[in-house]
Amino acid sequence: MKEPLARTISGLLADPQRFVTSPAVVERLSKDFYWYSPVLKPQLDDRLADAIVQPVNVDEIRNVLRFCFEHDIPVTARGAGTGNYGQAIPLHGGIVLDLSLMDAIEAITPEGVAICEPGVRLGVLEAEARTRGWELRCYPSTIVKASLGGFLGGGSGGIGSVANGNLRDFQTVRALEIVTMEREPAIHFLEGEAVHDILHAWGTNGIITKIWLALAPKVDWAQCAVGFDDFAATYDFSERVAAGAEWTKRLVTTFEWPISSYFGPVRTIAPKGKHLIFFLIAQHQLVTLEEAARNAGGIITYSGIYKGLRTVPLLSDYTWNHTTLWAIKHDSAYTYLQCAFDPDRVRDQMRQLREKFGNEILFHMEFWKNASGRIIPGAIPLVYFTTEDRLNEMIRFCRDIDIFVANPHVNNVEDGGRFREDHVQLAAKRRYDPKGLLNPGKMPSFQPHTEEAISS
């Protein structure tokens, strides 16, 4: 970036030191966990911003966007950088808009709605909500580091989804305030169905500046790990608890052996050869769960009271996509897929995958409630990567047998499996980012349509 432009942008901030060009900082804040994918890693390794801007309020954001619009400077919004698909990596340089300093919890209403700035850490929000009798409906395994705005922009579900659905279900996101990328950046308030114009669009069609997030009533939780000799029995018991309305649960995660052997810090609760289930269950149901597990042929390898995110061991640290992280630490050839099985055919679908690919795929199953209230057996299976062609063959085969795949090895909204079929995200980009300067390259179906559009 040319020095006069840099000087001008830094002058738009109350503290010019929040305009950062230090190579080490620019490198760090231009990256996320894209290296989970052996396909994305070589594509994105060398992509960097020219500078980092760290605004502290909406006025600063509007000033920066106004200037960048005038000078055709790309802007990529960043939360905490815990995404896995390169969502926050700038493909065309420009500015990374680091929103981490906008981290206020403005209110938690008596009705259980948190009103927050986008940079608030989910772990901080969870802790504060629990002091008020509430808790997050769902959160990623990266809760300690992840930001709320980043979760809305690039996440989908996690711990809690088995009971409360994913982030975009059941009006969990009640409303959003966004700033547009126009000649005169506007502030829009979106509520109800309109929030879906912006959710999971990777910051390509507006900068989220305030969030109204519905919470769930606080529950006193316990943790439990159950082991089985047979994977079919393991899955059967996990499905029974996940789908059973009588159970108050926040987490039901099933691991095929040897996945749990990769969890170094908790290896003592992962007996050799045992397939495991990790539960977050209501404390008052812990004894009943243990009894049901034993009656189903399982053994209790761990149980204890959940005391918040500092609980040791914290079993959620080994679930959802943290499972993949532990596997990569064990063997860098591991990667993953993101799947949704048919609840009526899941056993047959798993059988076909095993027959086709053997132990190239290891089953790591999660569960969530869909918008119709049905429990869906999802999966973040471990994949032993050999070639991109073989990986794509696995994806094709999954789709051929009606397993939904949100492909985590592509770097755009459309092909990642979360693009709205009604194209509301694309329509919002056309309205709010006519030049295509917000996170350019991440929504390929968009083409600038105005006389002001930049050449691509």
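Scroll up a little and you will see the structure.
Residues numbered from 1 in each chain as written. Predicted model: local features only at pLDDT ≥ 70, side-chain atom pairs only at ≥ 80, totals over all residues. Heavy atoms only, no water.

Undergrad: Honestly, the overall build of the protein chain in this entry has me stumped. Any pointers?
TA: Within the protein chain, the secondary structure is distributed over 13 helices and 22 strands. C-alpha atoms of the protein chain, sized along the principal axes, occupy 70 × 50 × 40 Å. With 456 residues in all, the protein chain has 60% of them scored as buried. Taking the intrachain contacts of the protein chain between residues at least 6 apart in sequence as the baseline, contacts between residues at least 24 apart amount to 71%. Surface summary for the protein chain: the accessible area is close to 17,900 Å², and the carbon and sulfur share equals 50%. (Helix = DSSP H or I, 4+ residues; strand = E, 2+ residues; numbered from the N terminus. Buried < 20%, exposed > 50% of the residue type's maximum accessible area, 1.4 Å probe, protein only. Contact = heavy atoms within 4.5 Å. Areas by Shrake-Rupley, 256 points an atom, 1.4 Å probe, with all protein chains shown as cover.)

Undergrad: Whenever I open this one, the sheet that holds strand β5 (residues 105–108) confuses me. Can you help?
TA: Strand pairing in a sheet relies on backbone hydrogen bonds. The paired strands run either parallel or antiparallel. Strand order in the open sheet formed by 5 strands is β5-β6-β10-β8-β9, with antiparallel pairing between adjacent strands. Each edge of the sheet is formed by a strand with only one pairing partner; in this case those strands are β5 and β9 (187–191). On average, each strand axis in the sheet is inclined to that of its neighbour by 15°, with strand direction left out of account. Pairing of strand β8 (residues 173–179) with strand β10 (residues 207–214) involves 6 bridges; the strand directions are antiparallel. Among the inter-strand pairings, Val173 is bridged to a residue of β10, identified as Leu213. Together, β5, β6 (113–116) and β10 form the strand contacts of helix α5 (residues 122–131), whose direction differs from that of β5 by roughly 35°. (Pairing = 2+ DSSP bridges. Axes fitted to C-alpha atoms, helices over the stretch in contact; angles between N-to-C directions.)

Undergrad: Hey, could you run me through the pattern of salt bridges in this one?
TA: When charged atoms on two side chains of opposite charge get close, those side chains can pair. As enumerated under the stated definition, the model contains 24 salt bridges in all. One salt bridge connects Arg18 with Glu60, and the closest N-O pair in it is separated by 2.8 Å. Separated by 42 residues along the polypeptide, Arg18 in the loop between α1 (3–11) and β1 (19–20) and Glu60 in helix α4 (residues 58–70) bring together distant segments of the chain. Note on accessibility: Arg18 and Glu60 belong to one class, buried. The salt bridge partner of Glu239 is Arg347, with a shortest N-O separation of 2.6 Å. Taken together, the residues Glu239 in helix α8 (residues 231–243) and Arg347 in helix α11 (residues 346–357) connect sequence positions 108 residues apart. Because the salt bridges share partners, they merge into one network encompassing Glu126, Arg130, Glu135 and Arg250. (Salt bridge = Lys/Arg side-chain N within 4 Å of Asp/Glu carboxyl O.)

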